[in-house]
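# Residue-level structure breakdown
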Amino acid sequence: MMERSMMSRRWRIAAVAMATAGALALAGCTGTDGGDAAGSDGLSVGYVPKMLGNPYFDQAGLGAEEASAELGGEYVKVGPEVGAADAQVPYLNTLAQQGRNGIVLSASDPSALGQALSAARDNGTKVVTFDSDVDPEYRDLFVSPVPDMALSEAMVELLVDQIGETGEFAVLGASPNAKNQNAWISGIEEYVAETYPGLKIVETFYANDDDQESFDKTAAALQNHPGLDGIISTSTVGTAAAGRYISESSYAGNVVLTGIGMPNATRAYLEDGTIESFVLFDPADMGWVATYAIQALLDGDITGAAGDTFTAGELGEYTIEEGGIVQAGEPIVFNLDNIDEYDF
């Protein structure tokens, strides 16, 4: 998995301009316009992240774009500027009306997009969610970045490595309605209760993947809990924003910050010692696997049933789990020893 990601990195950086151009071409669509209709014969993928301009979703989109190119298909990236479910609806409607036969989606809400997705699927569009799922009846498959519990456990272990098995910490999340956030945070709570009863979660707060909101709420949490030993952030934007706040404050060197992060956004806080380590995966793998899954669904190679298998190009074979779930990979721990190997 890592071999393909590293070999393709240079290509993906160059592709950012193309992906951005696609987004601008359809930006502001209202569900009735936004580009030529897709052909009915070949693969035509519409990529809809929670929001545009987020490096995490940019990277996942590059994976979908690269896979579309490998498969000889069309690709377009569209989406809202803010992470709100109702803001995604017009883009989903437009993609379906254009005749796109595949949608790769990270959902801001599990149920609010149901009507738009059902209409798209009724027209023959295959819907594969990634990162953050919808209710299963509204999609064909869900590509999970890693097993939810594996990621939760990895975040807690990184915290314990630094503060020990006792202490107080807070959790900084993205959106309270996102299924992946709920799963990861529930997993943190469960793992702490079962494995490290000496640890106490004193607060869970959400900042909606917004940089300034994450910065401000981190400051408030630290001020409200003067005995806080650490923060686990389940938001990549939140990790970078919290790192910026802590690095510029009296909490630097006194409060541990870990969680999930993007290498480029978080590198400076590894280098200055604000963060010792964080965990993630290559988001591009989700976009890549989701796109290959759409092609397999269109070809009739899989139906989405548990036990179905398909090959995602150079990433190899994947097996569908119960509930129509595909696991894209395993967590990667980032630190000063390996951070320069990654550029996203």
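For the structure itself, consult the block above.
Quick summary incoming for the structure in this document. Fair warning: this is a prediction, and the values are worked out from it, not measured in the lab.

Scoring rules and cut-offs
- Here the residue numbers are simple positions, counted from 1 along each chain's written sequence.
- Local features in this predicted model are restricted to residues of pLDDT 70 or higher, and side-chain atom pairs are both shown and tallied only at a pLDDT of 80 or more, whereas totals for entire chains, interfaces and linings draw on every residue.
- Excluding hydrogens and water, the side-chain values take into account all heavy atoms of the structure.
- DSSP bridges decide pairing: two strands pair if at least two such bridges lie between them.
- Secondary structure counts use DSSP, requiring at least four H or I residues in a row for a helix and at least two E residues in a row for a strand, with both numbered from the N terminus.
- Throughout, an axis means a line fitted to C-alpha atoms (over the contacting stretch in the case of helices), and angles, computed between N-to-C directions, take values from 0 to 180 degrees.
- By the convention used here, residues are in contact when the closest approach between their heavy atoms is within 4.5 Å.
- A side-chain nitrogen of Lys or Arg and a carboxyl oxygen of Asp or Glu constitute a salt bridge if their distance falls within 4 Å.
- Exposure is judged per residue with a 1.4 Å probe applied to protein chains only, and the accessible area is read against the type maximum: over 50% gives exposed, under 20% gives buried, and values in between give partly exposed.
- Place the viewer so that the strands point away; then a crossover is right-handed whenever the path from the first strand over the helix to the second strand goes clockwise.
- Working definition: a ring pair exists when centres of Phe, Tyr or Trp rings (six-membered ring for Trp) sit within 6.5 Å. Plane angles under 30 degrees give stacked, over 60 give edge-to-face, the rest tilted.
- We call two directions roughly parallel when the angle between them is under 35 degrees, roughly antiparallel when it is over 145, roughly perpendicular when it lies between 65 and 115, and oblique otherwise.
- The hand of a helix crossing depends on one turn: near helix anticlockwise from the far one by less than a right angle means left-handed, and clockwise means right-handed.

### Considering the sheet that holds strand E7 (residues 199-206)
Taking strand neighbours across the sheet as the criterion, the four strands line up as E7-E6-E8-E9 in an open arrangement whose pairing is parallel. Edge positions in the open sheet fall to E7 and strand E9 (256-259), since each of these has one partner strand only. When strand polarity is set aside, the average angle formed by the axes of neighbouring strands in this sheet is 25°. Summarising the sheet, strand E6 (residues 167-173) and strand E8 (residues 230-233) pair through four bridges and their orientation is parallel. What sits directly across from Phe 169, in E8, is Gly 230. Where helix H6 (residues 148-163) meets the sheet, its contacts fall on E6, E7, E8 and E9, and the angle it forms with E9 comes to roughly 160°. Of the strands in this sheet, E6, E7 and E8 are in contact with helix H7 (residues 179-195), which crosses E7 at around 165°.

### Quick word on the pattern of salt bridges
This model, assessed by the stated rule, comprises seven salt bridges. Arg 100 is the salt-bridge partner of Glu 74, the closest N and O atoms lying 3.3 Å from each other. Placement of the pair is Glu 74 in strand E2 (residues 74-77) and Arg 100 in the loop between helix H4 (85-98) and strand E3 (102-105), with a sequence separation of 26 residues. Residue Asp 140 is joined to Arg 121 by a salt bridge in which the shortest nitrogen-to-oxygen separation is 3.2 Å. Residue Asp 140 is located in the loop between strand E4 (126-130) and strand E5 (141-144), and its partner Arg 121 is located in helix H5 (residues 114-122); the two are separated by 19 residues in the primary sequence. Its relative accessible area of 27% is what places Arg 121 among the partly exposed residues.

### What to know about the pairing of E6
For a regular strand, side-chain orientation follows a simple rule: the groups alternate between the two sheet faces. Judged by how many residues are buried, E6 sits mostly within the fold: six of seven residues are covered. The pairing of E6 with E7 spans seven bridges and is classified as parallel. Following the sheet pairing, Val 171 is matched in E7 by Thr 204. Crossover E6 to E7 through H7 is right-handed.

### Considering the packing of aromatic side chains
Inspection of every chain in the model, using the stated rule, returns 13 aromatic pairs. With 6.0 Å between their ring centres and 80° between their planes, Tyr 191 and Tyr 196 make a pair best called edge-to-face. Note on accessibility: Tyr 191 and Tyr 196 belong to one class, buried. Note on Tyr 245 and Tyr 251: the rings are 6.4 Å apart at their centroids and 35° apart in plane angle, and the pair reads as tilted. According to the relative accessible area criterion, Tyr 245 is buried, its value standing at 13%.

### Some points on the packing of helix H8 (residues 211-224) against helix H9 (residues 236-247)
Packing of H8 against H9 leaves a shortest axis separation of 8 Å and a crossing angle of 55°. Taken together, the axis directions place H8 and H9 in an arrangement best described as oblique. Crossing of H8 over H9 shows right-handed handedness. Touching Asp 211, Gln 212, Ser 214, Phe 215, Thr 218, Ala 219, Leu 222 and Gln 223 of H8 are Val 237, Gly 238, Ala 241, Ala 242, Arg 244, Tyr 245 and Ile 246, all from H9.

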